[in-house]
Amino acid sequence: MNKISLLCQKIRIDVNNTNLYYDRFENNPDEWTNYCVAMGVLEDASLALEYYENSGLKGNDGLIYLKLYGVLQAVVLQQDAICNLYKIIIGRDLKPKWSKIRNLRNLTVGHPIKCVRNRNKSNEIIKRCYITRMSKDRRELYLSIWNKREGTDKQVKINLLILYRSYKKEAIKYLKEVTVKLKKMRFFRNLGSNPGTH
């Protein structure tokens, strides 16, 4: 079990031990459902990404592309779940710096035919992208990216493993912040006081 899965378990246990449902969600079923769905998505995406970490992108070409698409989609789902949990537990929006891997997903497997940035027509950037090949160890992707505004076709090499590891470090950091906040909530609950007043 990897660190993110362990943090998921800890968050689930801490939420149950702090009686957060009764303190915060009993009269707000939509927010409780938001928490439950975010936890479920976080755990499921983490399972998919653990498989990637343990198995890599092996197999025939079709299976490799299916795994690649799945890995990048699982990262985005995991990011969305972490942002929701952070907002629910910490109480403020998360401003993550993990856009590189999210942008890679959007460009390569999310919207490769027409990836639009700056939807303002005068400043719109349209890119079209396809994966030309992968390295033999499946760690690097070679992309061909057409930029409509510039009229250029660039060949780009991306090290997926390095990008993923960088993202994962940041994800762990945010989940640790959530567990620290839950620990404080449990401490103040045990004292019989409100953590917001101290």
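Whatever comes next refers back to the structure up there.
Residues numbered from 1 in each chain as written. Predicted model: local features only at pLDDT ≥ 70, side-chain atom pairs only at ≥ 80, totals over all residues. Heavy atoms only, no water.

1. Quick word on the overall build of the protein
Phase 1 of the analysis: A count of helices and strands for the protein gives six helices and four strands.
Phase 2 of the analysis: For the protein, the C-alpha atoms occupy an extent of roughly 65 × 45 × 25 Å along the three principal directions.
Phase 3 of the analysis: Each of the 198 residues in the protein was classed as buried or not, and the buried ones make up 40%.
Phase 4 of the analysis: For the protein, the share of sequence-separated contacts (at least 6 apart) that also reach a separation of at least 24 residues comes to 56%.
Phase 5 of the analysis: Accessible surface, the protein: about 11700 Å² in total, of which carbon and sulfur atoms supply 51%. (Helix = DSSP H or I, 4+ residues; strand = E, 2+ residues; numbered from the N terminus. Buried < 20%, exposed > 50% of the residue type's maximum accessible area, 1.4 Å probe, protein only. Contact = heavy atoms within 4.5 Å. Areas by Shrake-Rupley, 256 points an atom, 1.4 Å probe, with all protein chains shown as cover.)

2. A short note on the sheet that holds strand β1 (residues 115-117)
Phase 1 of the analysis: Sheet architecture is open: four strands sit in the order β1-β2-β3-β4, paired in antiparallel fashion. At either end of the open sheet lies a strand with only one pairing partner, and these are β1 and β4 (152-159). Between one strand and the next, the sheet's axes are offset by a mean angle of 30°, whatever the strand orientation.
Phase 2 of the analysis: Here helix α4 (residues 61-90) sits on the sheet and contacts β2 (125-134) and β3 (140-147); the angle it forms with β2, its principal contact strand, is near 135°. (Pairing = 2+ DSSP bridges. Axes fitted to C-alpha atoms, helices over the stretch in contact; angles between N-to-C directions.)

3. Some thoughts on the pairing of β3
Phase 1 of the analysis: The buried fraction of β3 is high, at seven of eight residues.
Phase 2 of the analysis: Bridging between β2 and β3 involves seven bridges; their strand directions are antiparallel. Considered in β3, the bridge of Arg133 is made with Tyr142.
Phase 3 of the analysis: In textbook terms, the turn of a hairpin is the stretch between consecutive antiparallel strands, and for β2 and β3 this stretch comprises five residues, one of which, Arg138, has a positive phi near 65°.
Phase 4 of the analysis: Where β3 meets β4, eight bridges bridge the pair, whose relative direction is antiparallel. For Ser144, the partnering residue across the bridge sits in β4 and is Gln155.
Phase 5 of the analysis: Taken together, β3 and the strand that follows it, β4, pair antiparallel across an intervening segment of four residues, in which Gly151 is found at a positive phi of about 65°.

4. Overview of a positive patch on the surface
Phase 1 of the analysis: There is a patch of like positive charges on the surface, built from Arg24, Arg92, Lys181 and Lys184.
Phase 2 of the analysis: By relative accessible area, which is 48% here, Arg92 ends up partly exposed. (Patch = residues over 30% accessible without salt bridge, like charges linked within 9 Å, V, L, I, M, F, W, Y side chains within 5 Å. Salt bridge = Lys/Arg side-chain N within 4 Å of Asp/Glu carboxyl O. Lys, Arg positive; Asp, Glu negative; His and termini not counted. Charge placed at Lys NZ, Arg CZ, Asp CG, Glu CD.)

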